[in-house]
Amino acid sequence: SISACGVTFDDMAADYLADYELQGYRTLNSAKGRVANLRAVFGGREALSIKPAEIRQYQVTRRQQGISAATVNRETSGLSRMYRLAIELGKLETMPRFPQRLEENPPRQGFFEHDEYLKVRKHLPPSFQDILDFAYYSGWRRREDTELTWSEVDLPGGVVRLSPVRSKTKV
């Protein structure tokens, strides 16, 4: 039988962040932020002393602080991943049951109808219109548009390819 004695939230958090680094996830800084928020409540606690009602209270408190449901869900999903990882690593045998995820707002969709876009475009200087056109038609994120390099442009082929290093695509 695996002894859970001594396995703390902080141990699980360290393994969670080490796994992010091992996997090469580009969202390590986001994971560190989630850990910091969770540590403020669960830091120093023995892993198996954290009860479902406390996780639910964490959700309630974060929402009362004005934090979005999506952010709270990412944080509690991070905590759940910490437990699953501890089980995979043989450090724990069980984990608390997690409360239901919070309902999130639907994903954002187009902010402008095409005619609204054209009205905005005509008020911009010509040097801004090109980047606006590219952004509008590509649907890329702002940094993806503004950090585009010539190595990602295939003029003869008429194609622009976002480098997987800068996208959410795994390499």
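Residue positions are given per chain, counted from 1 along the sequence in the order it is written. Where local features are concerned, this predicted model is filtered to residues with pLDDT of at least 70; where side-chain atom pairs are given and counted, the filter is 80 or more; whole-chain, interface and lining totals use all residues. As a convention, hydrogens and water are excluded, and side-chain values are obtained from all of the structure's heavy atoms.

Here we come to the nonpolar core. One finds Phe-9, Met-12, Leu-79 and Met-82 to be the most contacted residues of the largest nonpolar core, which totals 21 residues. Counting from the N terminus, the helices are the DSSP runs of H or I reaching at least four residues and the strands are the DSSP runs of E reaching at least two. For this core, the secondary structure elements donating two or more residues are helix 1 (9–23), helix 2 (28–42), helix 3 (52–64) and helix 4 (69–88). No other element matches helix 1, which puts six residues into this core. Should any heavy atoms of two residues lie within 4.5 Å, those residues are considered in contact. Excluding its chain neighbours within four sequence positions, the residues that come into contact with Phe-9 are Val-35, Leu-38, Arg-39, Phe-42, Gly-43, Arg-45, Ala-47, Ile-50, Leu-79 and Met-82. Residue types Ala, Val, Leu, Ile, Met, Phe, Trp, Tyr and Cys, when buried and joined through side-chain atoms within 4.5 Å, form a set referred to as a nonpolar core. The classification of residues rests on relative accessible area computed with a 1.4 Å probe and restricted to protein chains. Under 20% of the type maximum is buried, over 50% is exposed, and intermediate values are partly exposed.

Lines are fitted to the C-alpha atoms to define the axes, a helix being fitted only along its stretch in contact, and any angle between axes, read from their N-to-C directions, falls within 0 to 180 degrees. Packing of helix 3 against helix 4 leaves a shortest axis separation of 10 Å and a crossing angle of 150 degrees. Viewed along their axes, helix 3 and helix 4 adopt a mutual orientation that is roughly antiparallel. Helix 4 is crossed by helix 3, and the crossing has right-handed handedness. Together, Ile-55, Tyr-58, Gln-59, Arg-62 and Arg-63 of helix 3 and Ala-69, Val-72, Glu-75, Thr-76 and Leu-79 of helix 4 make up the contact between the two elements. A per-class count over the contact of helix 3 with helix 4 returns five nonpolar, two polar and three charged. Reported orientations rely on four angle classes, namely roughly parallel under 35 degrees, roughly antiparallel over 145, roughly perpendicular from 65 to 115, and oblique for the rest. Two helices cross in a left-handed way if the nearer one is turned anticlockwise from the farther one by less than a right angle. They cross in a right-handed way if the turn is clockwise. Asp, Glu, Lys and Arg are counted as charged, while Ala, Val, Leu, Ile, Met, Phe, Trp, Tyr, Cys and Pro are counted as nonpolar; the rest, among them Gly, fall into the polar class.

What follows covers helix 1. An expected span of 1.5 Å times one less than the residue number is assigned to each helix. If you check helix 1, its first and last C-alpha atoms are 21 Å apart, about what 15 residues at 1.5 Å a residue would give, namely 21 Å. Of the residues making up helix 1, those classed as buried are Phe-9, Met-12, Ala-13, Asp-15, Tyr-16, Leu-17, Asp-19 and Tyr-20. Those residues of helix 1 hidden inside the fold are in contact with helix 2 and helix 4. Once helix 1 ends, the next one or two residues include Gly-24, with phi positive near 75 degrees.

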